[in-house]
Amino acid sequence: MTSKQLADAVNKRRTFAIISHPDAGKTTITEQMLLFGGIVREAGTVKGRGSSNFAKSDWMEIEKKRGISVTSSVMQFDFEGKRINILDTPGHEDFSEDTYRTLMAVDSAVMVIDGAKGIEPQTRKLFKICKMRGIPIFTFINKFDRDARDPLDLMNEIEETLGIETYPMDWPIGMGRQFMGVYDRYNHRVALTHPKDKDNPYLPLDDDGKVKDENPLADEGEWKDAMDGMELIEMAGNQFSEDKVLKGDQTPVFFGSALTNFGVRTFLTTYLKFAPAPSSHKLENGDEVEPLDPEFSGFVFKIQANMNPRHRDRIAFVRVCSGEFDKGMDVTLERTGKPLRLSNVTEFMANTRENVNKAVAGDIIGLYDTGNFQIGDSIYTGKKDIKFEKLPQFTPELFVRVTAKNVMKQKSFHKGINQLVQEGAVQLFHGYNSNDYILGAVGQLQFEVFKFRMENEYNSQVEMEPMGSKQARWIDPDQLDPKMASSRNILVKDIHGDPLFLFENEFALNWFKQKYPDVKLTAKL
Ligand code: GDP
């Protein structure tokens with residue numbers, strides 16, 4: 001590729017994730033988007049829905065048993081001149097640290113909210129990570145074909161619980177059976193759910209924001225309510241600021257109904273106008289790598305282990321940060337300084353295993369891995385050493401005590417744990433004054449994958465004793481008095497030897513804070 005070709009290709013890329021709570025409509029929206037675009041490549045199904053796609057791909061055994069996809073997958077398609085990569089962020093029980101890490105590999109995020117439920121816990125958690133990264137977040141409030149909450153209420157909730165400004169790009173006219181459309185202030189039109197003329201579902205607005213021609217909704221109470229709401233928003237709401245949107249300080253909000261395919265196309269089109277192309281990535285030494293740098297670089301943000309004992313291979317997912325990837329190219333693995341040939345590459349197709357020949361900054365590639373990679377690894381071409389910033393550590397919420405079933409097999413137990421922890425599959429803690437092994441995770445599935453892989457890859461059967469959910473807080477070692485610990489706040493240390501308490505619940509945490517007001521407690525992300 002010439003530098004102009006590279007620039008054209010990179011500037012076309014839009015790489016994002018959809019963050020939402022299970023059931024808000026992420027799958028339905030993703031499917032709509034894929035339909036608009038015509039899928040270029042599909043890596044993993046959107047969700048393990050029908051069984052037809054399922055049988056064709058070699059999913060992990062746990063996936064097969066549970067009928068869900070364990071890890072985030074990547075979908076690529078073209079739409080309106082852009083090449084879009086959607087990175088899936090699994091929910092439910094398959095929520096894991098990988099879900100969080102996937103957000104390190106995107107340039108923007110789409111937040112889908114169920115209009116009847118508002119902000120739910122998983123949305124909040126994922127939002128927090130996006131906010132920390134300062135990436136643009138666009139909101140789609142879904143299911144307005146059903147009874148939903150008052151849209152003003154929803155705006156309030158987003159602003160108050162998430163701490164981000166809202167800017168409604170459109171405003172719903174009615175809801176449920178009376179959902180008549182949206183007043184699209186951004187595109188200067190009214191979009192109708194049930195237009196008389198199906199080919200022309202829009203009513204254009206004049207310069208004062210009034211419907212230009214005859215307005216079939218003029219006498220409806222829903223129309224009047226919507227206009228009242230809009231007026232209030234115009235008077236008391238935020239000014240649109242592209243600058244704030246790009247920094248993640250303001251979220252443009254859209255209303256619609258994915259199930260009836262109302263509003264998703266407008267959303268995608270408008271989103272693509274503002275969503276950023278791949279930008280620079282920070283290195284550990286403070287430098288930045290520009291996406292148009294002709295040398296290739298990228299980092300591993302996820303490792304998907306194949307649970308099939310006959311196929312021990314794993315797939316390392318790499319976000320390309322600069323240059324161009326060519327199949328068979330030689331790169332340096334920064335951690336070891338050793339050269340590697342990237343010949344075995346896949347996008348981990350659901351339907352076909354289409355090999356990737358070319359990918360550019362912004363794209364995700366899947367590398368077959370026989371144990372070379374760890375999460376967070378940097379790879380690059382060229383003479384300059386490239387080490388991307390460390391991926392953040394996340395605060396685990398679930399804990400188990402783990403022991404080897406067979407005391408004679410301590411060696412494989414330790415080897416397995418160490419490798420899986422290094423790989424980022426689970427987090428490891430030790431009793432502060434004991435040799436207890438405690439595992440921490442953000443999702444239950446991480447423990448199941450751990451157990452399965454210990455047995456199948458390290459021939460080590462493990463016993464896991466659930467400790468339940470805890471609030472983990474690190475404490476400054478200088479302020480620590482081991483007497484502060486109790487059964488309601490267990491003292492442990494992480495793999496760096498740093499002490500932390502595992503609080504039984506919020507109540508125990510607050511009690512501790514009151515008792516020791518000067519002690520500084522910190523959470524990871
Ligand atoms: P996900 O868990 O976020 O991926 O949610 P899904 O896309 O699987 O949707 C969950 C359920 O809500 C499914 O039964 C969908 O058919 C339904 N659903 C999704 N979008 C809408 C919508 O706009 N209106 C209504 N009424 N139902 C919807």
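Residues numbered from 1 in each chain as written. Predicted model: local features only at pLDDT ≥ 70, side-chain atom pairs only at ≥ 80, totals over all residues.

**Thoughts on helix α11 (residues 410–423)**
Residues separated by three or four positions in an α-helix point in the same direction, a consequence of the helix having 3.6 residues per turn. Given a rise of 1.5 Å per residue, 14 residues ought to cover 20 Å, and the 20 Å separating the end C-alpha atoms of α11 matches this to within 8%. Along α11, the residues that are buried comprise F413, G416, I417, L420 and E423. Down the axis, α11 shows its buried residues gathered within 135 degrees of arc, on one side only. Relative to its buried face, α11 has exposed residues pointing more than 90 degrees away, namely Q410 and K411. Buried-residue contacts for α11 involve β15 (297–305), β24 (398–404), β25 (427–431), β26 (437–441) and α12 (444–458). Once α11 finishes, G424 follows within two positions and takes phi at roughly 90 degrees, a positive value. (Helix = DSSP H or I, 4+ residues; strand = E, 2+ residues; numbered from the N terminus. Expected span 1.5 Å × (residues − 1). Buried ≥ 20, exposed ≤ 12 C-beta atoms within 10 Å, placed from the backbone. Arc of directions from axis to C-beta. Contact = placed C-beta atoms within 7 Å.)

**Some details on the site of the ligand**
Residues in close proximity to the ligand total 15 residues, the closest being G25, K26, T27, T28 and L259. Here the shell around the ligand takes 3 residues from helix α2 (residues 26–37), the largest share from any one element. Here the shell around the ligand is built from residues that sort into 4 nonpolar, 6 polar and 5 charged. (Near = placed C-beta within 6 Å. Nonpolar A, V, L, I, M, F, W, Y, C, P; charged D, E, K, R; others polar.)

**Quick word on the environment of R265**
Considering the arrangement of structural elements, one finds R265 in helix α10 (residues 264–274). By the C-beta count within 10 Å, which is 17 here, R265 ends up partly exposed. In this structure the C-alpha to C-alpha distance between R265 and M33, which are 232 residues apart in sequence, comes to 7.5 Å.

**Here's the deal with the sheet that holds strand β9 (residues 181–184)**
One open sheet accounts for 4 strands, arranged β8-β9-β10-β11; its pairing is antiparallel. The open sheet has two edge strands with one neighbour each: β8 (170–173) and β11 (202–204). Put simply, the sheet's adjacent strands are angled 20 degrees from each other on average, direction ignored. Of the strand pairs in this sheet, β8 and β9 are connected by 4 bridges, and their pairing is antiparallel. Looking at β9, one finds that P172 is bridged to V182. (Pairing = 2+ DSSP bridges. Axes fitted to C-alpha atoms, helices over the stretch in contact; angles between N-to-C directions.)

**A short note on unusual backbone geometry**
The phi dihedral of D23 falls on the positive side, at around 85 degrees, and the residue is not glycine. By the element assignment, D23 lies in the loop between β1 (13–20) and α2. Phi is positive for N261, which is not a glycine, with a value near 55 degrees. With respect to the helices and strands, the residue N261 is situated in the loop between β12 (250–255) and α10.

**Section: the packing of α2 against α10**
Packing of α2 against α10 leaves a shortest axis separation of 10 Å and a crossing angle of 70 degrees. One element, α2, and the other, α10, form an angle in the roughly perpendicular class. Of the residues in α10, those touching α2 at I29, Q32, M33 and F36 are V264, R265 and L268. Its residues placed into classes, the contact of α2 with α10 shows 5 nonpolar, 1 polar and 1 charged. (Parallel < 35°, antiparallel > 145°, perpendicular 65-115°, else oblique.)

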